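Listed here are the chains, written in short residue letters.
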Amino acid sequence: NLSSILKVFSAVRGPEQLFMHSKLHQIFFALLGHFEPETSKMAFECILRYKPDFVMPCADDIKELFAKGKLRDTMIRLKEYANQGKITPRNREKLGPLLARILMGRMSARSVGKSTKDSPSARRSAIFSFVSGFCEQDKELFPFLFLPLRRYLPRVAKKRMLEDLKVVGPVEFKAALASISVEDCG
């Protein structure tokens, strides 16, 4: 199963030595949005092996986003870190796409327990609250908007945006949304 494969890759020290390591990194990044928290957590462990400088200061807190019942508290703590300057604006900009994938995956996760704290509607409202406080500029909000809306974009615009998510910004995103026609969605 997928989690077993990810466990193997998460044990690799220095994944930059692997064949097509950049492609593997993209795959791990895409799997952050998986609806099963265990799979997402293992994908994050794989990404941590690359030691990205913008993730390492708050890696332990990000790991807690996958824990059942700790989502809200962890998002509050990350928001406080951003407001206090523990997460620099440069790191915040890089963390946006990573957190967007993780949180969109958590939002689409199935509810396992009977707790109202972990219900889909409670997760959704907590995530939207976090996004509204964490993102200070439009370009930081872009990944949180793009991920849920990407399936409704025309293929040409989506392909252009997916080629390099870092280059595409809010202006291109708005233009792509405005260019959607009925034929494109059919």
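Everything numeric in this text was worked out from a predicted model, so none of it was measured. (Residues numbered from 1 in each chain as written. Predicted model: local features only at pLDDT ≥ 70, side-chain atom pairs only at ≥ 80, totals over all residues. Heavy atoms only, no water.)

Some details on the packing of aromatic side chains
Piece 1. As enumerated under the stated definition, the model contains three aromatic pairs in all.
Piece 2. With a centroid separation of 5.0 Å and an interplanar angle of 25°, the aromatic rings of Phe 130 and Phe 134 are classed as stacked. Taken together, the residues span about one helical turn, with Phe 130 and Phe 134 both in helix α7 (residues 120–134) at a distance of four residues. Exposure class is identical for Phe 130 and Phe 134. Each is buried.
Piece 3. One residue, Arg 92, lies across the ring of Phe 134, its end atom 5.4 Å from the ring centre. (Phe/Tyr/Trp six-rings, centres within 6.5 Å; stacked < 30°, edge-to-face > 60°. Helix = DSSP H or I, 4+ residues; strand = E, 2+ residues; numbered from the N terminus. Buried < 20%, exposed > 50% of the residue type's maximum accessible area, 1.4 Å probe, protein only. Lys NZ or Arg CZ within 6 Å of the ring centre and 35° of its normal.)

Comments concerning the environment of Gly 105
Piece 1. Tracing the backbone shows Gly 105 in helix α6 (residues 89–108).
Piece 2. With 71 residues separating them in the primary sequence, Gly 105 and His 34 have C-alpha atoms 5.1 Å apart.
Piece 3. Discounting residues that sit within four places of it in the chain, Gly 105 has contacts with Gly 33, His 34 and Phe 35. (Contact = heavy atoms within 4.5 Å.)

Some thoughts on unusual backbone geometry
Piece 1. The backbone of Met 20 sits at a positive phi, close to 55°, despite the residue not being glycine.
Piece 2. Along the chain, Met 20 turns up in the loop between α1 (2–10) and α2 (21–31).
Piece 3. Positioned with a positive phi, Lys 51 is a non-glycine residue whose angle comes to about 55°.
Piece 4. Looking at the element boundaries, Lys 51 is found in the loop between α3 (37–48) and α4 (59–63).
Piece 5. For Lys 51, a relative accessible area of 62% puts it in the exposed group.

Quick notes on the packing of helix α5 (residues 71–84) against α7
Piece 1. At a minimum axis separation of 10 Å, α5 and α7 run at an interaxial angle of 0°. The angle between the axes of α5 and α7 places the two elements in the roughly parallel class. For the pair α5 and α7, the contacting residues are Leu 71, Arg 72, Met 75, Leu 78, Lys 79, Ala 82 and Asn 83 in the first and Ala 122, Arg 123, Ala 126, Ile 127, Ser 129, Phe 130, Gly 133 and Phe 134 in the second.
Piece 2. Residues of the contact of α5 with α7, tallied by class, amount to nine nonpolar, three polar and three charged. (Axes fitted to C-alpha atoms, helices over the stretch in contact; angles between N-to-C directions. Parallel < 35°, antiparallel > 145°, perpendicular 65-115°, else oblique. Nonpolar A, V, L, I, M, F, W, Y, C, P; charged D, E, K, R; others polar.)

With respect to empty space enclosed by the protein
Piece 1. Overall, the coordinates contain two cavities of 30 Å³ or more when judged by the stated rule.
Piece 2. Computed from the structure, the second largest cavity encloses a volume of approximately 30 Å³.
Piece 3. Taken together, Phe 9, Pro 15, Leu 18, Leu 24, Phe 28, Cys 46, Arg 49 and Tyr 50 make up the full set of residues lining the second largest cavity.
Piece 4. Taken together, the residues of the lining of the second largest cavity sort by class into seven nonpolar, no polar and one charged. (1 Å grid on protein atoms, 1.4 Å probe; cavity = no way out; pocket = protein on both sides within 12 Å on 5 of 7 lines; lining within 4 Å. Points joined across faces, edges and corners; volume = space filled by probe spheres on them.)

A closer look at the layout of surface pockets
Piece 1. Put simply, the second largest pocket is a space of about 210 Å³.
Piece 2. Ala 30, Gly 33, Arg 101, Met 104, Gly 105, Met 107, Ser 108, Leu 147, Pro 148, Arg 150 and Arg 151 together form the lining of the second largest pocket.
Piece 3. Secondary-structure elements contributing two or more residues to the lining of the second largest pocket are α6 and α8 (138–149).
Piece 4. Here the lining of the second largest pocket takes five residues from α6, the largest share from any one element.

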